[in-house]
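What follows is each chain in one-letter form.
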Amino acid sequence: MEFTEAYKQTGPCCFSPNSRYVAVANDYRLVIRDTFSFQVVQLFSCLDKISYIEWALDSEYILCGLYKKPMIQAWSLTQPEWTCKIDEGPAGISYARWSPDSRHILTTSEFQLRLTVWSLLNTACVHVQWPKHGSKGVAFNQDGKFAAICTRRDCKDYVNLLSCQSWEIMGSFAVDTLDLADLEWSPDDSSIVVWDSPLEYKAYECGLGVKTVSWSPCGQFLAIGSYDQMLRVLNHLTWKTFAEFLHLSTVRAPCSAAIFKEIDEPLQLDMSELSLDENFMPSNYDASEGYISVRYEVMELPVAFPFQKPPADKPNPKQGVGLLAWSKDSQYICTRNDNMPTALWIWDMCHLEVAAILVQKEPIRAAVWDPTCTRLLLCTGSSHLYMWTPSGAFCVCNPLPGFSISDLKWNIDGSCLLLKDKDAFCCATVPSLPESSDYSSDD
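Rules of the game
- Residues numbered from 1 in each chain as written.
- Predicted model: local features only at pLDDT ≥ 70, side-chain atom pairs only at ≥ 80, totals over all residues.
- Heavy atoms only, no water.
- Helix = DSSP H or I, 4+ residues; strand = E, 2+ residues; numbered from the N terminus.
- Rg over C-alpha atoms; globule rule 2.2 N^0.38 Å.
- Buried < 20%, exposed > 50% of the residue type's maximum accessible area, 1.4 Å probe, protein only.
- Contact = heavy atoms within 4.5 Å.
- Areas by Shrake-Rupley, 256 points an atom, 1.4 Å probe, with all protein chains shown as cover.
- Lys, Arg positive; Asp, Glu negative; His and termini not counted.
- Charge placed at Lys NZ, Arg CZ, Asp CG, Glu CD.
- Salt bridge = Lys/Arg side-chain N within 4 Å of Asp/Glu carboxyl O.
- 1 Å grid on protein atoms, 1.4 Å probe; cavity = no way out; pocket = protein on both sides within 12 Å on 5 of 7 lines; lining within 4 Å.
- Points joined across faces, edges and corners; volume = space filled by probe spheres on them.
- Nonpolar A, V, L, I, M, F, W, Y, C, P; charged D, E, K, R; others polar.

- With an unreviewed UniProt entry as reference, the protein is termed WD repeat-like protein, source organism Boechera stricta.

## So, the overall build of the protein
- Along its length, the protein carries zero helices and 39 strands.
- The C-alpha radius of gyration computed for the protein amounts to 24 Å, which stays within 12% of the reference 22 Å derived for 443 residues, consistent with globular compactness.
- Taken across its 443 residues, the protein has 51% of its residues classed as buried.
- At a minimum sequence separation of 6, the contacts of the protein that also span at least 24 residues come to 45%.
- Working note: accessible area of the protein is about 21,700 Å², and carbon and sulfur atoms make up 51% of it.
- Distance between charge centroids for the protein: 9 Å, based on 35 positive and 54 negative side chains.

## Quick look at the pattern of salt bridges
- Taken as a whole, this structure holds 14 salt bridges when the rule is applied.
- With its nearest N and O atoms 2.7 Å apart, the salt bridge here joins D58 to R103. Linking D58 in the loop between strand 7 (52-55) and strand 8 (61-66) with R103 in the loop between strand 11 (95-98) and strand 12 (104-108), this pair joins segments that are 45 residues apart in sequence.
- Judged by its relative accessible area of 32%, D58 is partly exposed.
- For R103, a relative accessible area of 21% gives the class partly exposed.
- A cluster of three or more residues bridged by salt bridges with shared partners is formed by K132, R152, D157 and D179.

## Details of the layout of surface pockets
- Counted as a void, the largest pocket has a volume near 1,300 Å³.
- Elements supplying a minimum of two residues to the lining of the largest pocket: strand 7, strand 11, strand 15 (138-140), strand 19 (182-185), strand 29 (321-326) and strand 33 (366-369).
- Sorting elements by how many residues they give to the lining of the largest pocket places strand 19 first, with four residues.
- For the lining of the largest pocket, the per-class residue count stands at 23 nonpolar, nine polar and five charged.

Here's what the structure looks like:
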């Protein structure tokens, strides 16, 4: 892997949908860099500190959420002199998003009084009363023709279907929820899944609620991560649970999964035959430990994982499946049980068993699948990247001094990674996987 130099950032950073640009928030400035040369191609000045950015799907426009004002500013890369400002006045703005056609912006007011569709082509706007949520509760189907918007009126949850051409309500139906949490279209647009608050669960009785939901890319499976530390997978024909996976605190035989544990490995350099003055010793050399690296070690069963019991007197406990993601081919699911934040579980959906477990030294911050192949990357806030493929797991050191990787994102073609530190970011080019990759744990 090759890494760029570090660049300053104070907020969100993201690739454009066409992977040609990366947008970076730097206080009140929006910096657009080219992903080939990383030169600045556009610089826009906003009226306040940028809280949120989102690209339009055509990569021509980008919006900035200035939620302290609160207002929205949008910019055009092809027409730098063009600008757009949206201000809802006393109603405020809690969230904004692009429509699939890249020519409309949807804003939600404070206290969910209304959702407004603003047109960039003319001055027309459409209102939807009483949206259920600010940043959630809105989903577009795959071809961008319809929008599903959650609303609540008369103490009842509804889903409104809108045409993305006329923005007229095509239909509305009530849903059997007490407090609808979110919704999502299936990848084939045949279904819409809605789920309730953590206090309600339709999959089984007397249990804890839903924490994460994700469709498989093939659209045939729906994975549900729950507060009871279980992963359940439903099929799209009967909507019955056909697989249940429990995150055990101790894994014992028989188990065919490979368990990789991150360990420190001092690099022992033999300098006994060299007579060097102390002034010639590298500044990062520790005489007691030498150079420090990390690698994975394959553990033997049984293996016990660090377990945290959340306090019973505090809200939003760190409990249950808080991270859930499918591989591109729908064969694997990776999960993190927040009770065991240092362990990442990888489940094989063909054999309905755990395929591998990665045990890190620090809690896992993020884990993302390669959008083009079966390769998983994760970060823990250290200077290292961690990768898993069906052939094995290995660690990659970020050469930038003092750079701790707290978040990571792929571009759309899987050729580049965006890595974030607290106040900086860099990118890394990722080589494509050979058809039969055979990585070792200490590469």
